Amino acid sequence: MPDISRFSILNSLHQSLRYFEFRIFLPPWETGTGTETETGTDAGMGALYSLAMNRVSWERYFMNLAVQAATRSTCPRKSVGAVIVRDKTILSTGYNGSIRGAAHCTEVGCLMENDHCIRTVHAEANALVQAACHGTRLEGAQIFVTASPCFNCFKLIVNAGIRSISFGEFYRDERVIQFADELGIEMIHLGLADETGDE
């Protein structure tokens, strides 16, 4: 049996213990060499790898989930994902796709009207519908969406009782910003890139 005792996990104090550094000594049958590898202060058999795990903020965590939801989109023009949250608990998710049972854009092409694809139901609307189907109350919730909502979706979001909209990128409709300001709806531009933060 190979000797795996050289595997070690070193706890790092860097940045107030915010991340752990995992150091793995690989045996020669994994690296293809039988020589020792110098690592500056450490020398060992095989290669030395480090993995830093940065803990993201709650906001970034939920936006990352919205980005993941967008990977289910079936419209090639734009993939959008949405996640509805209250008290750090996920209530509903959605992505833009065709009417249930109908052909998808990826199968028959987009249905264009005024430079918009109207074949799909938007991610935010699908997240709201999913919550309604399961009898989930959305009063006081937050929505995280990869692109700012269109005006129609914005109206649905507000009427559902959601008071905070976090978006990854601004998309087209300036009326959303204007009405959000008038109604006291919080609009937060988070961006789509990963960032680290506190709990």
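All chains use their own residue numbering, which begins from 1 and follows the written sequence. It should be noted that, the model being predicted, local features are given only for residues of pLDDT at least 70 and side-chain atom pairs only at 80 or more, the latter also being counted only at that level, while totals for whole chains, interfaces and linings use all residues. Processing note: side-chain calculations cover all non-hydrogen atoms of the structure and skip hydrogens and water entirely.

## Remarks on the packing of aromatic side chains
Alright, step 1. Pairing of aromatic side chains requires ring centres within 6.5 Å, counting the rings of Phe and Tyr and the six-membered ring of Trp. Pairs whose planes differ by under 30 degrees are stacked, by over 60 edge-to-face, and all others tilted. As enumerated under the stated definition, the model contains six aromatic pairs in all.
Alright, step 2. Pairing Tyr-61 with Phe-62 gives two aromatic rings, centres 5.1 Å apart and planes at 55°, and the pair type is tilted.
Alright, step 3. When the centroid spacing of 5.5 Å and the interplanar angle of 40° are considered together, the rings of Phe-62 and Phe-144 count as tilted. Remark: Phe-144 occurs in strand β12 (residues 142–147) and Phe-62 occurs in helix α3 (residues 58–70); sequence separation between them is 82 residues. Grouping residues by exposure puts Phe-62 and Phe-144 together as buried.
Alright, step 4. Each member of the aromatic cluster is reached from another via a ring pair, and the members are Trp-58, Tyr-61, Phe-62 and Phe-144. Numbered from the N terminus, helices here are DSSP runs of H or I no shorter than four residues, and strands are runs of E no shorter than two. Only protein chains enter the accessibility calculation, which uses a 1.4 Å probe; a residue whose area is less than 20% of its type maximum is buried, one above 50% is exposed, and one in between is partly exposed.

## Overview of the pattern of salt bridges
Alright, step 1. A carboxyl oxygen of Asp or Glu within 4 Å of a side-chain nitrogen of Lys or Arg is what we treat as a salt bridge. Enumeration over the complete set of coordinates arrives at four salt bridges.
Alright, step 2. For Lys-78, the salt bridge identified is with Glu-169, shortest N-O distance 2.7 Å. Pair noted here: Lys-78 is in the loop between α3 and β6 (81–86) and Glu-169 is in strand β13 (residues 164–169), with a separation of 91 residues, a long-range link.
Alright, step 3. Overall, Lys-78 belongs to the partly exposed group, its relative accessible area being 23%.
Alright, step 4. When the shortest N-O distance is used, the salt bridge between Arg-175 and Asp-173 registers 2.8 Å.

## Quick word on the nonpolar core
Alright, step 1. We call a set of buried residues a nonpolar core when its members are Ala, Val, Leu, Ile, Met, Phe, Trp, Tyr or Cys and they connect through side-chain atoms within 4.5 Å of each other. Counting 22 residues, the largest nonpolar core has Ile-84, Ile-143, Phe-154, Ile-162 and Ile-165 as its most contacted members.
Alright, step 2. Sorting the residues of this core by element identifies β6, α5 (123–133), β12, α6 (151–159), β13 and α7 (174–183) as the ones contributing at least two each.
Alright, step 3. Contact between two residues is taken to exist if any of their heavy atoms lie within 4.5 Å; hydrogens are not considered. With residues near it in sequence (within four places) discarded, Ile-165 still touches Ile-143, Val-145, Pro-149, Phe-154, Ile-157, Ile-185, Glu-186, Met-187 and Ile-188.

## Regarding the side chain of Thr-146
Alright, step 1. You can see Thr-146 is positioned in strand β12.
Alright, step 2. In contact with Thr-146, not counting residues within four places along its chain, are Met-63, Ala-66, Val-67, Ala-70, Ser-79, Val-80, Gly-81, Gly-168, Glu-169 and Leu-192.

## Structural notes on the environment of Met-63
Alright, step 1. Note on placement: Met-63 falls in helix α3.
Alright, step 2. The exposure class assigned to Met-63 is buried, which follows from its relative accessible area of 0%.
Alright, step 3. Each C-alpha atom, one on Met-63 and one on Ala-82, is 8.2 Å from the other, the two residues being 19 residues apart in sequence.
Alright, step 4. With residues near it in sequence (within four places) discarded, Met-63 still touches Phe-144, Val-145, Thr-146, Ser-166, Phe-167, Gly-168, Leu-190, Gly-191 and Leu-192.

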